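# Overview (structure and organization)
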Amino acid sequence: MFAKAFRVKSNTAIKGSDRRKLRADVTAVFPTLGTDQVSELVPGKEELNIVKLYAHRGDAVTVYVSGGNPILFELEKNLYPTVYTLWSYPDLLPTFTTWPLVLEKLVGGADLMLPGLVVPPAGLPQVQKGDLCAIALVGNRAPVAIGVAAMSTAEMLTSGLKGRGFSVLHTYQDHLWRSGDKSSPPSIAPLALDPPDLSEEKGSVQADSTVQGDMRRLTLEGEEQEEGEVQQRCGEKSLSEATEDPSVGGLNPDPTDSKTLQEQMDELLQRCFLRALKYRVKKADLPLLTSTLLGSHMFSCCPEGRQLDIKKSSYKKLSKFLQHMQQEQIIQVQELSKGVESVVAVDWKHPRKGSILEGSEVRTIVINYAKKNDLVDADNKNLVKLDPILCDCILEKGEQHTVMKLPWDSLLNRCLEKLQPAYQVTFPGQEPIVKKGKICPIDITLAQRASNKKVTVVRNLEAYGLDPCSVATILQQRCQASTTVTPAPGTKDILQVQIQGNQIHHLGRLLLEEYRLPRKHIQGLEKAPKPGKKK
C-alpha cells in the first residue's frame, strides 16, 4: 500500500476526545495489550498528530504519529500497527517468518506467497482468513511487514504451501516507514523452544531444520561446509521425527566438531558479515552505521536455528570485530560523529568476499543440494522440484509462481548462467591471476597496406602475460621483417604488434611451441600461407 509515495491531505494535533477514543479502539483491537502498554503507545500528554493522506492507489488512510514516528494507521475503519509499534511489542500479532531475499519483493509492493514461508519446528501460527499478521525474517523476531492472511493455517497446509498467503499492507523501508525516523529493526532473538515431551510427541514429524544451504554459497569463500540451516517447506518428503534439541536458538554444537563454541561463533560472525556485504549492503548505502550493519544486515543473514551473539565470540564487541575486518582491508570504519562509527568504504573486490568455482564444482553443488533436500521428482527422475532457495537463485520475476519443476539440464544451465564468468591465468613461478569476464583469444589478422602489401597484426597478447614489445623483437629477428607496436584501435591500454608480410606461420610456432599456449585461445592461425606458395 505504501510502496509508492503518498499525498498528505492534512496534519493536525489530536483532540483530547479523539485521544481517548483511540485508546479505547486500541484496547478493543489488541486485547493482549495491558492498560500500561496502551497508555505507553497512546500517551496522555505527549504530542500526538493525526495525518490524513491518500495512498498512491487513492485509498484514504489516517495515520497516528507519536514522537515523529507513525505508530498506527486506519484503513476502512480497521486499525493497524506500524513496524515501529511492532518493534516495541513484537508479540502483538501472530508472526510468520520468511527469507531476507523475500523482503525486497515485499517492499516493492508484492504480496507474500506461501512458498516463501519458513516453517518453524513448532509449526505455523494458527490464524483464520482475514486475520492481521506480522512477518519477520529468519534469525530476528522483529517484524518487517504487516499483512492480512489470505487463508487459514489449515488451508495453507492443505494447499502444500502454494499460492498467495498474505496481502501485505505495510513494510519496513516503504514510504510510511520513511515518514518516521527511518530506524532499523532491532535484534530480537527467536523464542527458545522447550524440549518436546517425547511421551506425547512420539511418532510426530516435523520439517528438518538442519538442511545445509549449499545454493547460497556458490561464490562466497569460507562457506565450504556449513552455509546455513534452512527450513524445508511443509509438504516435502524429507521429514524426520521430532527429537529433543537443547541447542535451539544457540550454536547447535556438533559432538564430532573439535572446535570450541567460541570458535564456532567466530566463524558464524564472519560468515554473516561476508554474506551481508555480498547480498545486502550496496554502495549507495555507504556511509552505513555499524549498528545498522549488524541489526539490519548481519542478523538477517544468520542461518535459521542459530543465534548470532557477539559476546560469545572472541571479539566480545562489534567495534573490535570490525576493527579486525578493517585490518584485513575489507572495510574502512570512521567515527563520523562523536561516539558513532560508520562503515565508509568496502573493498568489493576483496578475495574474502568471493571465491572461484569451476563449472564441474557448481554442478556437483547443485546436484548434491537437490538430492540432499529430496527435490528430485519421485515420478520423473529427470525433473527437479524448486524450493524457495532455487526459485530465488534461478527464476525470473514472472516465473516465481508458475515454474515449479525444471529438467536437470535446464536447472544446471540456469545456475551457471547466473554466476559471473571468470578466468585464471597461471605463469611459471607466479601466483595465478584471476580476472572477471571471459578471456579474449589472441587475435591474428591479415591487413592490406599501401602498394598492396600485406601485414600481420596480432592483438590481446597482454591477457596471456606476453609483452608486445618483446614479441615484436623476437619476430623481427626470426622473420627478418620490420615490426611496429601501436595502440589497438578502439581500446584502452592494449597494444597490437604489426609485422610486415604474412608471418602467421612464424607467429603460430612461437605461440604454440615456445610459449605453449592452447590452440583454442589463438584465433586466425588458419590464415597462414599454404606450403609451396610465396609468402
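Further up the page is the structure itself.
This text gives an overview of the structure that appears in the document. All of these numbers come straight from a predicted model, not from anything done at the bench.

Where helix α9 (residues 290–298) contacts helix α10 (residues 318–327), the axes come no closer than 10 Å and their chain directions differ by 95 degrees. Put simply, α9 runs roughly perpendicular to α10. From α9, T290, L293, L294 and M298 reach across to α10, where they touch L318, F321 and L322. Class assignment of the residues belonging to the contact of α9 with α10 gives a composition of six nonpolar, one polar and no charged.

Now for the pattern of salt bridges. Between side chains of opposite charge, a pair can form when the charged atoms approach closely. Per the counting criterion, the structure on display carries eight salt bridges. The shortest N-O distance in the salt bridge between K21 and D25 comes to 3.0 Å. With K21 and D25 both in helix α1 (residues 16–29), this residue pair falls four residues apart, about one helical turn. Since its relative accessible area comes to 52%, K21 is described here as exposed. By relative accessible area, which is 29% here, D25 ends up partly exposed.

One open sheet accounts for five strands, arranged β1-β2-β3-β4-β5; its pairing is antiparallel. Bordering the open sheet on either side are β1 (7–13) and β5 (78–81), each of which pairs with just one other strand. For this sheet, the mean inter-axis angle between neighbouring strands, taken without regard to orientation, is 25 degrees. Here strand β4 (residues 69–75) runs beside β5; their pairing, made up of four bridges, is antiparallel.

What follows covers unusual backbone geometry. Here the residue pair L286 and P287 is connected by a cis peptide bond, since its omega of -5 degrees sits within 30 degrees of zero. Topologically, P287 is positioned in the loop between α8 (261–279) and β16 (288–289). Of note, K182 is a non-glycine position whose phi angle comes to about 60 degrees, a positive value. The residue K182 is located in the loop between α6 (175–178) and α7 (198–201) in this model. Among the residues examined, K182 registers a relative accessible area of 48% and is labelled partly exposed.

Cut-off values and rules
- Residues numbered from 1 in each chain as written.
- Predicted model: local features only at pLDDT ≥ 70, side-chain atom pairs only at ≥ 80, totals over all residues.
- Heavy atoms only, no water.
- Axes fitted to C-alpha atoms, helices over the stretch in contact; angles between N-to-C directions.
- Helix = DSSP H or I, 4+ residues; strand = E, 2+ residues; numbered from the N terminus.
- Parallel < 35°, antiparallel > 145°, perpendicular 65-115°, else oblique.
- Contact = heavy atoms within 4.5 Å.
- Nonpolar A, V, L, I, M, F, W, Y, C, P; charged D, E, K, R; others polar.
- Salt bridge = Lys/Arg side-chain N within 4 Å of Asp/Glu carboxyl O.
- Buried < 20%, exposed > 50% of the residue type's maximum accessible area, 1.4 Å probe, protein only.
- Pairing = 2+ DSSP bridges.

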